[in-house]
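Secondary and tertiary structure notes
Listed below are the residues making up each chain.
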Amino acid sequence: MKLPVYLDYAATTPVDPRVITKMTECLGLEGRFGNPASKSHVYGWNAAESVDIAREQIADLIGADSREIVFTSGATESDNLAIIGVAMAHQKGSRKKIITSAIEHKAVLDPCHYLENLGFEVVFLTPGRDGIITPDMLEEVLDDNTLLVSLMHVNNEIGVIQDIGALAEKAHAHGALFHSDCAQSAGKVVIDVRKMPVDYLSLCAHKIYGPKGIGAFFVRKGVVRPFPVIRGGGHEMGMRSGTLATHQIAGMGEAFAIAGKEMKKDNERIRALRDRLAEKLLELPETSVNGSMESRVEGNLNVTFRGINGENFILALRNIAVSTGSACTSASLNPSYVLKAMGLSDEEAHSSIRFSIGRFTTEEEIDYAVDLISKEYIKQRKAGNLWKI
Ligand SMILES: *Cc1c(COP(=O)(O)O)cnc(C)c1O
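Given the structure is predicted, the values throughout are model-derived calculations rather than measurements.

Concerning the site of the ligand
Taken together, 13 residues lie around the ligand, and Thr76, Asp181, Gln184, His206 and Lys207 are the ones closest in. A distance of 2.6 Å separates a nitrogen atom of the ligand from a polar atom in the side chain of Asp181. A distance of 2.7 Å separates an oxygen atom of the ligand from a polar atom in the side chain of Lys207. Notes on the ligand: free accessible area 390 Å², of which the protein chains cover 88%. A total of three residues in the shell around the ligand trace back to one element, the largest contributor, which is helix α3 (residues 75-89). In the shell around the ligand, the residues fall into four nonpolar, six polar and three charged.

Next comes the structure, spelled out in structure tokens:
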């Protein structure tokens, strides 16, 4: 067993060995290293073929047409393209309101704040204690001035799944566009754009055993195209310039194809491990799970351990790699804004840990983590390691 035990799959995943093989084939002189935009020789054609295959693989996973997929550097860029790009494309229009939620990733929140400075009105919905944004909550704030609704599919901290199909329907009823950040859901939850009336989706490779630094943007055929955020050369239908990173793209395609084939089997195995972890941790005194257990991805468990200082607790858990969801800004530790938006106190948010389990997690690792956490938690509670402001 490799130590520390990696239980931070929601932050990033290792690259699947099958993906590494595909990527390696696109790098050297013997491989598909050419520029996919080179139209006059076989090096370019081969690279272009690899890109075409990957585009199909990504489109297939979400029920899209390959012409609806644009490659970007990751979900952060796709979110920027969706929010800033759509706002810029409608600068002359009368709709000036954007609706999102307080529990979105910073890649959505920061572009929204940027647009606020440019004169757009942004509404940040807060979820219920279960972490869910209901269609009724959205309906309350929708009006004919709403340009775009951006709500994530799966939250990165609590793993809660939103009903983006129903939310998109509400948005459309008011003539608004709908975007969803699917960085945490692609390859883990079924996405089918033929059944979900979404307009734009952000996708990412490195949360699903692909490489970092590559992502994709789904833009439905016939829907307004966002203005580009990156210009120069007009690649990707003008929406994203820059030489296509063949090895990254081929890797993402392979990762998505594997996810499509193995999602069901992976999820069953991961759910059993997660339930084993949950059962044991919830036997400990004053522990509880954050977010809905029903509408949740298999790999996530976010637990509050009450009556201890979360940061000190984490420090003592050096042999497991987990996340507290606290953003460390200079000297101060901020409690998770996601947990706070759900109604947790500062103390509770500071004492919460996100465990995220993935394809390579073993039962032995889960048992090791449970054992370590139980011992340390009991010890720290006895020692009175309380959270102090
Ligand atoms: C990881 C993540 C992102 C950022 O994706 P990158 O590809 O790393 O830019 C955006 N949104 C969510 C929900 C994420 O989990």
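Brief notes about the sheet that holds strand β3 (residues 97-101)
Read from one edge to the other, the open sheet built from seven strands follows the order β2-β8-β7-β6-β5-β3-β4, with strand pairing classed as mixed. Strand pairing shows two members of the sheet lacking a second neighbour, β2 (69-72) and β4 (121-125), which therefore form its edges. The mean angle between the axes of side-by-side strands here comes to 20 degrees, regardless of whether they run parallel or antiparallel. By the bridge criterion, five bridges tie β3 to β4 in an arrangement that is parallel. Each residue of the ladder has a partner; that of Ile98, found in β4, is Val122. Strands in contact with helix α2 (residues 42-62) are β2, β7 (200-204) and β8 (215-219); relative to β2, the strand with the most contacts, it is inclined by about 115 degrees.

A word on the packing of helix α1 (residues 17-24) against helix α7 (residues 246-282)
Two measures define how a pair of helices packs: the angle their axes make with one another and the distance between the axes. Taken N-terminus to C-terminus, the directions of α1 and α7 make an angle of 150 degrees; their axes are 8 Å apart at the nearest point. Compared by their axis directions, α1 and α7 come out roughly antiparallel. Seen from above, α1 lies across α7 with right-handed handedness. Counted together, Arg18, Val19, Lys22 and Met23 of α1 and His247, Gln248, Ala250, Gly251, Glu254, Ala255, Ile258 and Glu262 of α7 form the full contact between these two elements.

Some words on a nonpolar patch on the surface
Taken together, the side chains of Leu29, Phe33, Val42, Tyr43 and Trp45 present a nonpolar region at the surface, about 540 Å² in accessible area. Note that Phe33 resides in the loop between α1 and α2.

Let's talk about the pairing of strand β5 (residues 146-150)
Counted residue by residue, β5 has five buried out of five residues, so it is predominantly covered. Two strands pair when backbone bridges link them, and β3 and β5 are joined in this way by three bridges, in the parallel orientation. When the sheet's bridge partners are listed, Ile99 is paired in β5 with Val149. In this structure, β5 lies alongside strand β6 (residues 177-181), joined through three bridges in parallel fashion. Pairing of Val149 across the sheet is with Phe178, part of β6. Assessed by its sense of winding, the connection that carries the chain from β5 through helix α6 (residues 164-173) to β6 is right-handed.

Details of the sheet that holds strand β10 (residues 300-305)
Read from one edge of the open sheet, three strands run β9-β10-β14, paired in antiparallel fashion. The open sheet has two edge strands, β9 (287-289) and β14 (352-356), and neither has a second partner. Put simply, the sheet's adjacent strands are angled 25 degrees from each other on average, direction ignored. Pairing between β10 and β14: five bridges, direction antiparallel. Counted as the bridge partner of Asn302 is Arg354 from β14. Here α7 sits on the sheet and contacts β9, β10 and β14; the angle it forms with β10, its principal contact strand, is near 10 degrees.

As for helix α4 (residues 106-117)
Given a rise of 1.5 Å per residue, twelve residues ought to cover 16 Å, and the 16 Å separating the end C-alpha atoms of α4 matches this to within 8%. Of the positions making up α4, those classed as buried are Ala107, Val108, Leu109, Pro111, Cys112 and Leu115. Against α3, β3, β4, β5, β6 and α9 (337-341) lie the buried residues of α4. Phi for Gly119, located one or two positions after α4, is positive at around 105 degrees.

What counts and what doesn't
Residue numbering note: each chain is counted from 1, following its sequence as written. Local features in this predicted model are restricted to residues of pLDDT 70 or higher, and side-chain atom pairs are both shown and tallied only at a pLDDT of 80 or more, whereas totals for entire chains, interfaces and linings draw on every residue. For the side-chain quantities, the full set of heavy atoms in the structure was used; hydrogens and water were omitted. Throughout this document, a residue counts as near a molecule or strand when at least one of its heavy atoms sits within 4 Å of that molecule or strand. Polar contacts, as counted here, are pairs of nitrogen or oxygen atoms within 3.5 Å of one another; within protein the pair requires one atom able to donate a hydrogen and one able to accept it, and residues that are adjacent in sequence qualify only if both atoms are side-chain atoms. Residue exposure ignores everything except the shown protein chains as possible cover, and the areas themselves are Shrake-Rupley values with a 1.4 Å probe. In this text, helices come from DSSP runs of H or I with a minimum length of four residues, and strands from runs of E with a minimum of two, each type numbered from the N-terminal end. Amino acids outside the nonpolar list (Ala, Val, Leu, Ile, Met, Phe, Trp, Tyr, Cys, Pro) and the charged list (Asp, Glu, Lys, Arg) are all regarded as polar, and Gly is one of them. When DSSP finds at least two bridges between two strands, those strands are taken to pair. Axis definition: a line fit to C-alpha positions, over the contact stretch in the case of helices; interaxial angles, taken between N-to-C directions, run 0 to 180 degrees. By definition in these notes, contact holds between two residues if any of their heavy atoms fall within 4.5 Å. Here roughly perpendicular refers to angles of 65 to 115 degrees, roughly parallel to angles under 35, roughly antiparallel to angles over 145, and oblique to all remaining angles. Should the near helix be turned counterclockwise from the far one by less than a right angle, the crossing is left-handed, whereas a clockwise turn marks it as right-handed. Patch building starts from residues that exceed 30% relative accessible area and form no salt bridge, then joins like charges within 9 Å and nonpolar side chains (Val, Leu, Ile, Met, Phe, Trp, Tyr) within 5 Å. Throughout this description, the term salt bridge denotes a Lys or Arg side-chain nitrogen within 4 Å of a carboxyl oxygen of Asp or Glu. Only protein chains enter the accessibility calculation, which uses a 1.4 Å probe; a residue is then buried when its area is under 20% of its type maximum, exposed when over 50%, and partly exposed in between. Looking down the strands as they point away from the viewer, one classifies a crossover as right-handed if the path from the first strand across the helix to the second runs clockwise. Here a helix's expected span is defined as the number of its residues, less one, multiplied by 1.5 Å.

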